Amino acid sequence: MPSLIKVRVRALEDLIYSIPMSGRYAQRLVLDSLGQMAEAVRRLSANGTPPYSVGQILAPKESLSEDPRYASLRQDEEALFFIGVCWDELKELMLKEVRGVRELAGAKVELTPELIREERYRDLLNGIARKVSLKTRNRLILGSVKVFDQAFPRYDPWRHNLNPQQIFATPFNVWNAFSPIKFPRSVFNALSRVEVLKAKFRTRMALIPYGGKLEGTPSLEGEIHLSLGGLDADTGVKALALLKLAEYSGIGVKTTQGFGSVSLKVLEG
């Protein structure tokens, strides 16, 4: 049952943290809380089926410093981040364990989770749309997600058009890993008929740790408009269900590190 959890982060002492790195801080807060379960989560994520996604840690506007890369919280001030959970076994664990005193950027913080939305997988298979949009809530990296035996290279808008299957790749893998209803290869093949009407992105460099140092990686901010009108009705329902799941799973890669969070809007039913 996909779920969305909001986690309030209350500073127990003054702190300053990097906003671009805050998705990784959120990931660390989650993994530190999960204890023995953290290793199983890491293995699933390494296999291309991340059972959860996290967003960046969002501070109030008045907490932003003169340098837009950093936010500062004084004692008792709050920030928040969101966790999208796609594996039933994790929801209650997240609500139980991602709480209490943890450490963020060297300072003590108190975490308080709250369940704000949940839907059954079968209920996602309820609706149809001709045109939809996906808007990034934070940066996304359309990297080399593998589905069945098909791997997608990193999307480069200067070299080739966006393959619609690359948008669906992560939610498709997550759906088949954690939903009781499995989609066969034929469904994924049919998604190649989805039309990318618009991919309006700004490219930003994201700092990703590699081999003990930070390296710049191109990431994207913006909006994608898709037409599902070329699909038959049944496949269209499945395609829309996957896009609904994308609000929990994210799209692209590094979704457990604060990348790939999107919001869905139906433009034409």
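Anyway, here's the lowdown on the structure attached to this text. (Residues numbered from 1 in each chain as written. Predicted model: local features only at pLDDT ≥ 70, side-chain atom pairs only at ≥ 80, totals over all residues. Heavy atoms only, no water.)

**Focus on the environment of Pro68**
- By secondary structure assignment, the location of Pro68 is in the loop between strand 3 (52-54) and strand 4 (70-73).
- Taking the C-alpha atoms as reference points, Pro68 and Ser261, 193 residues apart in sequence, are found 20 Å from one another. (Helix = DSSP H or I, 4+ residues; strand = E, 2+ residues; numbered from the N terminus.)

**Looking at helix 2 (residues 37-46)**
- Restricting attention to buried positions, one finds in helix 2 the residues Ala38, Ala40 and Val41. Down the axis of helix 2, the buried set is contained in an arc of 160 degrees. They therefore lie on one face.
- The elements touched by buried residues of helix 2 are helix 1 (22-34), strand 3 and helix 3 (88-97).
- Looking one or two places after helix 2, you find Gly48, whose phi comes out positive at around 90 degrees. (Buried < 20%, exposed > 50% of the residue type's maximum accessible area, 1.4 Å probe, protein only. Arc of directions from axis to C-beta. Contact = heavy atoms within 4.5 Å.)

**Some remarks on the packing of aromatic side chains**
- Following the criterion strictly, the structure yields eight aromatic pairs and no others.
- Ring geometry for Tyr155 versus Phe201: centroids 6.4 Å apart, planes at 65 degrees, classification edge-to-face. Pair noted here: Tyr155 is in the loop between strand 10 (150-151) and helix 5 (164-178) and Phe201 is in strand 11 (residues 195-210), with a separation of 46 residues, a long-range link.
- Judged by its relative accessible area of 11%, Tyr155 falls in the buried class.
- Phe201 sits in the buried class, given a relative accessible area of 19%.
- When the ring of Phe172 is compared with that of Phe188, the centres are 5.0 Å apart and the planes differ by 55 degrees; the resulting orientation is tilted. (Phe/Tyr/Trp six-rings, centres within 6.5 Å; stacked < 30°, edge-to-face > 60°.)

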